[in-house]
Structures are given as structure tokens and as C-alpha cells.
Amino acid sequence: MATEVPHCLIHYTNPHKRPAGVCQTKSCDKPATLQCPTCLQLKLPVARFCSQECFKAEWKEHNSIHKMEKDRLNHLPFPFEYTGSLRPAYVTPMRSVPEHIPKPDYALSGIPMSEQSIRNSSTIKVYSAKDIQGIREACRIGREVLDVAGRAIRVGITTDEIDLIVHEATIARGAYPSPLNYRDFPKSCCTSINEVICHGIPDLRPLQDGDIINIDISAYYKGYHADLNETYCVGNVDEASKKIIKTTYDALEQAISYVRPGTFFREFGDIISKHVEKNGLSVVRSYCGHGIGELFHCPPNIPHYAKNKAIGVCKPGMVFTIEPMINAGVWRDQLWLDDWTSVTQDGKRSAQFEHTILVTETGFEILTARTKDSPPLFWEVASPAASVASPTSVASPIAAPVSSQPTEAADADKKKKKKKKKKKTKSEDGKDEQDDEEDEKDETEEVGK
């Protein structure tokens, strides 16, 4: 029994967006009188042409959709011990970017040479006013694109179609979608569903009622990158999943409130963990926030878990992301065979939110802040009073004073340690937790791999 053709494949059968009844050859405006017989056979949206000559001229490009549909129908998930119910679906070919749009150094090769050249450096760049304005512009575009993608979420849409929306919205603004071909990533955004922690690859799986989905947007504009993401509900979502989403959002907001000159990067993990663990959830340790601007990923690393050993302190002009990934069960992750999709080890759900943040002289500025036009998150729909946007910048400290001493959460942990010493603890799945030495290794991993 043939499966329904995803709506996004219509883009491939009519790539030039020709009007109905007109020949689909780009340079022809004659009425279409012929139908493609292979499209009819495969039950695809039928391509129409005015003559055999136009049909033959377009055949090489048009025939690719036939191959794509055959591959989709024959697609089987790769053999793997999946932790949850999600399975990978068919991934369509990588999209192209117009020649006139400036591109990062990895756009053709897939290798971010500029990042590799500073891989062993711990130097954190302090940006000039001119640089900050460039990053701010990239972040504005990133926010606009994420809002466009967020509005498109509905039951039945595929993540490939969301990726197409993101791709076209990004290039329409003269920007390059940063994930595209970054270390060979095949798509223009990351879409992480249910048990996927991060780096999900958009494919032809339709979203289902009750899913949760994170859309991670990055844009490269005139030499600068932006990075942000949000987690959304699809249709009717259970309360436990909503709790994960709201807890993650609140944890990020609390961490951002501590951004100001003098805050140690290691303190953000204490703040996030305290809120998350209070709600019975866990903080992913395998991925962290990162510096951003001229490079997609660079120092500093911003771990999100408590008692981390991140090096460095906030200074005016620094730009970085905070992007906690919060799990319903254990914090540990597992990587699919596509070498990108990171899922929870126990198959339980995960949520994430991310902002790009500038450290100012007296506080912070959220460069990717939500606007009055951003699609409402589920609690904003339920309670209009809650939809008031949080401040995008703070000119003076609004949280407890931050000193060179460990945070309140870290102090509490020290007291607990004095009462009871442990070398190892048992995780929820019965496996031994890793030693601190392994945790140290975790915080050196960048979100972009």
C-alpha cells in the first residue's frame, strides 16, 4: 500500500514554482498539455509540460524526484538498538545556496578550518563595537527565521519541510544557514524530537500529535554567526513533557540573569542544575554552550551542570551561548549511527532552549531575544499575563552578587560531601556514574561536535 507523499516533495516536483497550468520548464510560459508518466505511476504531484522538447530539456533535473521518491518508499531505518520509539526517516538531498550569499569556510569542504586553527587555544575574543553590531544583525535574522519555523509547526508537517522553510527564510534575508555542511551536516537546521537531545537531522517523518520538537537555528551573515533554539509542543502534549520544556526555559532564564562582568563561566552550571534537580530532572553533560561570532564554535565552553571546571570569567564584549539540554530521566546520551543525532540513554524525553548573549559593561544583552511577534510558547497561550517578554538586556545586577567564591548551589554541595563521601553513585538505570575525571572531559566538548 503506497504511503502518502509528503507535502514538501511538491517543492521538488515543481522547483521553479511555476503557476498551475503552465509548462514547468523555467524559461517557458506556454500552457502545459503533457503530464509526466513516471509522476503518475509513483503517485507524485504531477509535473506538466507544453511539449516533448521541454520535457526532455527538463528531464535530468526532474528525474531526480523520481529517484528520491523510490528511495523514500524503500527506506528502512538503519539497524540500531534504539532507546525510544523514534526512528530515522528518509533524508532528502542537501539544499543549495545562491552564489551571491557570503559563505563560511566550511560551506564547500565541510571542514571548519578557521575553528580547527584555534582548537588548542583558550583565548576568548572580546569583540569591538563594530563586531558586536555585525553579530547583532546575524542574531536578528536568526530570531526571525526561528519564529517563521515555529509558526509552521503542526501535526503532519515533516521536519524536512520545516528545514525547507528555514532554508528559504535564511537565504531570503541574505544569510547562510550555518549548520549546512558544517562537518558534513546535511541540512539547514537541527530538529530534535522527543528523546532526541540535540542535532536531529530533518527528514520525512511527519510530526505526530503529542510530540515535542526543538528547532535549532544558526545563521551566518556578513562574516558573523548567530545561534538560538526553542522547544515547541505539537498538538496535545502531556503535562510531564510540558514540565520538561518549562523547567528548561526557566533554567536558561535564571542562568542568563547572572551574566555580567566578573561572573565565572563555571557558575552557570550551578544555577541551572539547582533549578533542574529541584524539579526532578537531569542536566545533559555531554554538550555545552560556546563562544560565537566570527566562528560558529569557539572559546569559551559553557557547561550546564554543577561543579564543572570551566575556565574563565565574563568580560564586556564577550559573546557566547547558554543552551541547557534537560532530560526527564538520566543525563547520559547515545549517538545514532548518522554520527549526529544524540538521544537520551533511557529513551525518555528531552528539551532545550538557547540564546546568544553579549556581556555588557554592567550586565548582559540577549542578542537572540524573543519579540512581540514571536509565536507564543504553550504557557503564554494558557496565560496571556505570562506572555510579557523577559528583558533583553540588563544595565545593573538583578541577581545575587557574584564573587570569586563558588555559588550557593556549590556551597550546599560541599556541605553534603562532608556528611557523606562517595566515589561513585548509581544512576537511575542502575549503571555507575562516571568519575569526576570523565566529567572534566565532558565540558571540553562543543555543541557543534
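Residues numbered from 1 in each chain as written. Predicted model: local features only at pLDDT ≥ 70, side-chain atom pairs only at ≥ 80, totals over all residues. Heavy atoms only, no water.

A.B. asks: A description of the sheet that holds strand 5 (residues 196-198) should follow, citing residues and the corresponding values.
C.D. replies: One open sheet holds the three strands; their spatial order is 5-14-13, and the pairing between them is antiparallel. Edge positions in the open sheet fall to strand 5 and strand 13 (333-335), since each of these has one partner strand only. In this sheet, neighbouring strand axes are inclined to one another by 45° on average, regardless of whether the strands run parallel or antiparallel. (Pairing = 2+ DSSP bridges. Helix = DSSP H or I, 4+ residues; strand = E, 2+ residues; numbered from the N terminus. Axes fitted to C-alpha atoms, helices over the stretch in contact; angles between N-to-C directions.)

A.B. asks: Tell me about the side chain of Arg95, residues and numbers included.
C.D. replies: Along the chain, Arg95 turns up in the loop between helix 3 (52-74) and helix 4 (113-116). Judged by relative accessible area, Arg95 falls into the buried class, the value being 10%. A distance of 2.9 Å separates a polar atom in the side chain of Arg95 from a polar atom in the side chain of Asp163. (Buried < 20%, exposed > 50% of the residue type's maximum accessible area, 1.4 Å probe, protein only. Polar contact = N/O pair within 3.5 Å; in protein donor to acceptor, adjacent residues only side chain to side chain.)

A.B. asks: An account of the sheet that holds strand 12 (residues 325-327) is requested, with residue identities and associated values reported.
C.D. replies: Here we have three strands laid out as an open sheet, ordered 8-12-15, and antiparallel in their pairing. Only two strands of the sheet have a single neighbouring strand rather than two, namely strand 8 (282-283) and strand 15 (350-352). As paired strands, strand 12 and strand 15 are joined by three bridges and run antiparallel to one another. Residue pairing across strands places Ile326 opposite Ala351, the latter belonging to strand 15. With respect to the sheet, helix 7 (residues 239-256) is in contact with strand 12 and strand 15, its orientation differing from that of strand 15 by roughly 30°. (Contact = heavy atoms within 4.5 Å.)

A.B. asks: For the environment of Lys348, give the residues involved together with the corresponding values.
C.D. replies: With respect to the helices and strands, Lys348 occurs in the loop between strand 14 (342-344) and strand 15. In this structure Lys348 comes out as partly exposed when scored by relative accessible area, which is 40%. As for Lys348 and Gly84, which are separated by 264 residues in sequence, their C-alpha atoms are 6.9 Å apart.

A.B. asks: Outline the side chain of Thr158, supporting the account with residue identities and numerical values.
C.D. replies: Among the secondary structure elements, Thr158 is positioned in the loop between helix 5 (129-152) and helix 6 (159-172). Relative accessible area serves as the criterion here: at 2%, Thr158 is assigned to the buried category. One polar contact links the side chain of Thr158 to the main-chain amide nitrogen of Glu161, over a distance of 3.0 Å.

A.B. asks: Break down the pairing of strand 6 (residues 212-221) for me, citing the residues and quoting the values.
C.D. replies: Buried residues dominate strand 6, accounting for 10 of its 10 residues. A two-sided burial pattern is seen for strand 6, the buried positions comprising Ile212, Asn214, Asp216, Ser218 and Tyr220 on one face and Ile213, Ile215, Ile217, Ala219 and Tyr221 on the other. As judged from the two bridges shared by strand 3 (residues 176-177) and strand 6, these two strands associate in the antiparallel manner. Residue pairing in the sheet places Pro177 in a bridge with Ala219 of strand 6. Sheet analysis places strand 4 (residues 190-193) next to strand 6, joined by four bridges and oriented antiparallel. When the sheet's bridge partners are listed, Ser192 is paired in strand 6 with Asn214.

A.B. asks: Go over the nonpolar core, please, and point to the residues and values.
C.D. replies: In terms of nonpolar packing, the biggest core is built from 85 residues, with Ile162, Ile213, Ile215, Phe265, Phe268, Phe320 and Ile322 touching the most fellow members. Considering each element in turn, this core owes the most residues, nine residues, to helix 5. Cys28, Cys36, Met68 and Tyr90 belong to the second-largest nonpolar core, a separate cluster that totals 16 residues. (Core = buried A, V, L, I, M, F, W, Y, C linked by side-chain atoms within 4.5 Å.)

A.B. asks: Before we move on, can you summarise the packing of aromatic side chains with the specific residues and values?
C.D. replies: Using the criterion set out here, one finds 15 aromatic pairs in the structure. For the pair Phe80 and Tyr82, a centre-to-centre distance of 5.2 Å together with 75° between the ring planes defines the contact as edge-to-face. You can call Phe80 partly exposed: its relative accessible area is 23%. Assessed through its relative accessible area of 15%, Tyr82 is described here as buried. When the centroid spacing of 6.1 Å and the interplanar angle of 40° are considered together, the rings of Phe268 and Phe320 count as tilted. Placement of Phe268 in helix 8 (residues 267-278) and of Phe320 in strand 11 (residues 319-322) is noted, with a sequence separation of 52 residues between them. Across the pair, Phe320 and Phe268 agree in class, each one buried. Among the aromatic residues, those joined into a ring-pair cluster are Phe78, Phe80, Tyr82 and Trp336. Over the face of the ring belonging to Trp379 we find Lys246, whose NZ or CZ atom lies 5.1 Å from the ring centre. (Phe/Tyr/Trp six-rings, centres within 6.5 Å; stacked < 30°, edge-to-face > 60°. Lys NZ or Arg CZ within 6 Å of the ring centre and 35° of its normal.)

A.B. asks: Any details on the environment of His66? Residues and values, ideally.
C.D. replies: Relative to the helices and strands, His66 resides in helix 3. By relative accessible area, which is 1% here, His66 ends up buried. Setting aside its immediate chain neighbours within four residues, His66 contacts Cys36, Thr38, Cys39, Leu42, Leu44 and Trp59. Side-chain polar atoms of His66 contact the side chain of His62, separated by 3.3 Å.

A.B. asks: Describe helix 8, listing the residues and the values that go with them.
C.D. replies: Between the first and last C-alpha of helix 8 there are 17 Å, a value that for 12 residues agrees with the 16 Å anticipated at 1.5 Å per step. Across the 12 residues of helix 8, nine count as buried, placing the element largely inside the fold. Taken residue by residue, helix 8 has Glu267, Phe268, Gly269, Asp270, Ile271, Ile272, Ser273, His275 and Val276 as its buried positions. Gly280 sits one or two positions beyond helix 8 and adopts a positive phi of about 75°. (Expected span 1.5 Å × (residues − 1).)

A.B. asks: Can you lay out the state of the cysteines for me, pointing to particular residues and giving the numbers?
C.D. replies: The final tally for this structure, using the stated rule, is zero disulfides. With no disulfide partner, Cys198 has as its closest neighbouring cysteine sulfur the one in Cys190, 7.7 Å distant. (Disulfide = S-S within 2.5 Å.)

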